[in-house]
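# Geometric and topological summary
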Amino acid sequence: MSSAVDLAPQELRILVAVAEEGGFSAAAPRLGTTQSAVSHAVRGIERKLGVVLFERGRYGARPTPAGARAVAHARRVLRMLEALVREARDTPTAEITGPLRIAAFRSAALHLLPAVLERLSARHPGIEATVTVVREIGPGTAGEVAEGRADLGIATLGTGTRPAPGLVGDVLLEEPYALVHPAGHPDPRSLPLVDWRENCSSYTRAWWAAQDWIPAATVRADDDGAVLSMVGSGLGMAIMPALSLTAVPPGTRITDLGPERPTRRVGYVTTVELAGTAAVRALVRELRATAKAQVSTV
């Protein structure tokens, strides 16, 4: 069996294209070739690796577990090859240029990243940043980085936990939770609870369970913006982290939960390989500077 180092960049591109397009025929136009050429190339890659990478069916091709791992590695290798070429050509004083893919959960994308990207663009106009909003459920933003779909993720980080193997990161800020409720209500803690799935996390679960005044959620929404809208409409109260409460709708009020209030750690994750690239380092610098200013208002 041949070693995996025999794989050429074009073979990696084929793996990624087949996985993302859902089949050999669909991947062929993207690759500028024919369906038979794609199928032949995938069979050759599978022989080299000694594993089946795609399940073939009448509806296309779907990665096997081994194929999903191979595709994730392929994305990351291709991204590093791109970074290698760019950074090898640059001098120490050259302007930082090129794409920078960011994954972020909704409140970070709305209330943390705009200031970061404004500063980044002013200092490094050649960086082409794109942002994908990802629900912080399951793999979340860190999963996007691990799968090679993002260069850096703004993520919620558990206390005492480390990033997954192959990822590195750090805490940017710790945001407290607060009670948000309709303004003027005499007893907001008696109101029904409005919640959303991303809000139920290990960071708050112990505190949440110890509060006998918090009822089971009466209404569940898709995201924190919908929760705020419902609270503003008088449907109940909610317990939310500070980033989500950056801009609350008219008719709502925020009440501190006291010194024992729960908090959530927000940080970044990237791959070991990309952590040293100029664009990611520049982004991390702006994230730290902006988060430091954000902490003073949280």
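Residues numbered from 1 in each chain as written. Predicted model: local features only at pLDDT ≥ 70, side-chain atom pairs only at ≥ 80, totals over all residues. Heavy atoms only, no water.

## Topic: the overall build of the protein chain
The line we're drawing: Runs of E in the DSSP output that reach at least two residues are strands. Runs of H or I that reach at least four are helices, and both are numbered from the N terminus. Working definition of accessibility: Shrake-Rupley area with a 1.4 Å probe, residue cover restricted to the visible protein chains. In this charge count, Lys and Arg are treated as positive and Asp and Glu as negative; neither His nor the chain ends contribute. By convention, the charge on Lys lies at NZ, on Arg at CZ, on Asp at CG and on Glu at CD.
Scanning the protein chain for helices and strands turns up ten helices and eleven strands. Seen along its three principal axes, the alpha-carbon backbone of the protein chain occupies a region of about 70 × 50 × 35 Å. Within the structure as shown, the protein chain displays about 15,000 Å² of accessible surface, and the carbon and sulfur contribution to it stands at 55%. Across the protein chain, the 33 positively charged side chains and the 30 negatively charged ones have centroids separated by 4 Å.

## Considering a nonpolar patch on the surface
Convention followed: Patch membership requires over 30% relative accessible area and the absence of a salt bridge. Like charges are linked within 9 Å, and nonpolar side chains (Val, Leu, Ile, Met, Phe, Trp, Tyr) within 5 Å. For this document, the term salt bridge refers to a Lys or Arg side-chain nitrogen within 4 Å of an Asp or Glu carboxyl oxygen.
A cluster of nonpolar side chains, contributed by Val77, Leu81, Leu84 and Val85, occupies part of the molecular surface with about 310 Å² of accessible area. As for its placement among the helices and strands, Leu81 is situated in helix H4 (residues 65–89).

## Section: the side chain of Thr271
Threshold: To sort residues, take the accessible area from a 1.4 Å probe on protein chains only and compare it with the maximum for the residue type: under 20% means buried, over 50% means exposed, and anything in between is partly exposed. Note on contacts: a residue pair is in contact if any heavy atoms of the two residues lie within 4.5 Å.
On the secondary structure map, Thr271 appears in strand E11 (residues 263–271). Judged by its relative accessible area of 1%, Thr271 falls in the buried class. Excluding its chain neighbours within four sequence positions, the residues that come into contact with Thr271 are Arg76, Val145, Asp151, Gly166, Leu167 and Val168.

## Here's the deal with helix H1 (residues 9–21)
Test applied: What a helix should span is 1.5 Å times the count of its residues minus one.
For H1, which comprises 13 residues, the first-to-last C-alpha distance of 18 Å matches the rise-based estimate of 18 Å (1.5 Å per residue) to within 8%. Among the residues of H1, those classed as buried are Glu11, Leu12, Ile14, Leu15, Val16, Ala17 and Val18. Buried residues in H1 make contact with helix H2 (24–31), helix H3 (35–49), strand E1 (54–57), strand E2 (60–63) and H4. Downstream of H1 by a residue or two, Gly22 has a phi angle that is positive, lying close to 85°.

## Points about the environment of Val16
Relative to the helices and strands, Val16 resides in helix H1. Its relative accessible area of 7% is what places Val16 among the buried residues. Taking C-alpha positions, Val16 is 24 Å from Val168, a pair spaced 152 residues apart along the chain. Those residues in contact with Val16, other than ones at most four positions away along the chain, are Arg30, Val71, Ala74, Arg75 and Leu78.

## Observations concerning the pattern of salt bridges
The tally for this structure, following the rule as stated, stands at 21 salt bridges. Measuring nitrogen to oxygen at the nearest pair gives 2.7 Å for the salt bridge that ties Asp224 to Arg106. Here Asp224 is found in helix H9 (residues 224–232), whereas its partner Arg106 is found in helix H5 (residues 106–111), with 118 residues between them in sequence. Residue Glu286 pairs with Arg123 through a salt bridge whose shortest N-O separation is 3.5 Å. Of this pair, Glu286 sits in helix H10 (residues 278–295) while Arg123 sits in helix H6 (residues 113–123), and the two are 163 residues apart along the sequence. For Glu286, a relative accessible area of 5% puts it in the buried group. Salt bridges linked by common partners bring Glu20, Glu21, Arg30, Arg75 and Glu147 together as one network.

## What to know about the side chain of Arg76
Where we set the bar: As used in this structure description, the phrase polar contact means that two N or O atoms lie within 3.5 Å; if the pair is within protein, one of them must be able to donate a hydrogen and the other to accept it, and residues adjacent in sequence are counted only when both atoms belong to side chains.
In this structure, Arg76 sits in helix H4. For Arg76, a relative accessible area of 14% gives the class buried. A polar contact is formed between the side chain of Arg76 and the backbone oxygen of Ala146, at a distance of 3.4 Å. Ignoring sequence-local partners within four residues, the contact set of Arg76 consists of Val145, Ala146, Gly148, Gly166, Thr271 and Glu273.

## Observations regarding the packing of H1 against H4
Basically, it comes down to this: Between N-to-C directions, angles span 0 to 180 degrees; the directions come from axes that are lines fitted to C-alpha atoms, helices contributing only their stretch in contact. Geometric relationships in this document are graded by angle, where less than 35 degrees denotes roughly parallel, more than 145 denotes roughly antiparallel, 65 to 115 denotes roughly perpendicular, and other angles denote oblique. By convention the crossing between two helices is left-handed if the near helix lies anticlockwise of the far one by an angle smaller than a right angle, and right-handed if it lies clockwise. Under the scheme applied, nonpolar residues are Ala, Val, Leu, Ile, Met, Phe, Trp, Tyr, Cys and Pro; charged residues are Asp, Glu, Lys and Arg; polar residues are all the others, including Gly.
Where H1 meets H4, the axes come as close as 9 Å, and the angle between the chain directions of the two elements is 130°. Taken as axis vectors, H1 and H4 run oblique relative to one another. When the axes of H1 and H4 are compared, the crossing they make is left-handed. Across the interface between the two elements, Pro9, Leu12, Arg13, Leu15, Val16, Ala19 and Glu20 of H1 pack against Ala70, Val71, Ala74, Arg75, Val77, Leu78 and Leu81 of H4. Along the lines of polarity and charge, the residues of the contact of H1 with H4 split into eleven nonpolar, no polar and three charged.

## Describing the nonpolar core
Which entries qualify depends on this criterion: As used here, the term nonpolar core means buried Ala, Val, Leu, Ile, Met, Phe, Trp, Tyr and Cys residues forming a set that is joined through side-chain atoms within 4.5 Å.
Formed by 28 residues in total, the largest nonpolar core has its most connected members in Leu100, Leu113, Ile127, Leu152, Ile154, Leu283 and Leu287. Those elements that provide at least two residues to this core are strand E3 (98–104), H5, H6, strand E5 (152–157), strand E6 (167–182), E11 and H10. When residues no more than four places from it in sequence are discounted, the contact partners of Leu100 are Arg79, Leu120, Ile127, Glu128, Ala129, Thr130, Asp151, Ala279, Val280 and Leu283. Leu7, Ala27, Leu53 and Ala74 belong to the second-largest nonpolar core, a separate cluster that totals 21 residues.

## Concerning the environment of Arg189
Note on placement: Arg189 falls in the loop between E6 and strand E7 (193–196). Separated by ten residues in sequence, Arg189 and Leu179 have C-alpha atoms that sit 8.4 Å apart. Apart from the residues lying within four places of it in its own chain, the contact partners of Arg189 are Leu179, Trp213, Met237 and Leu257.

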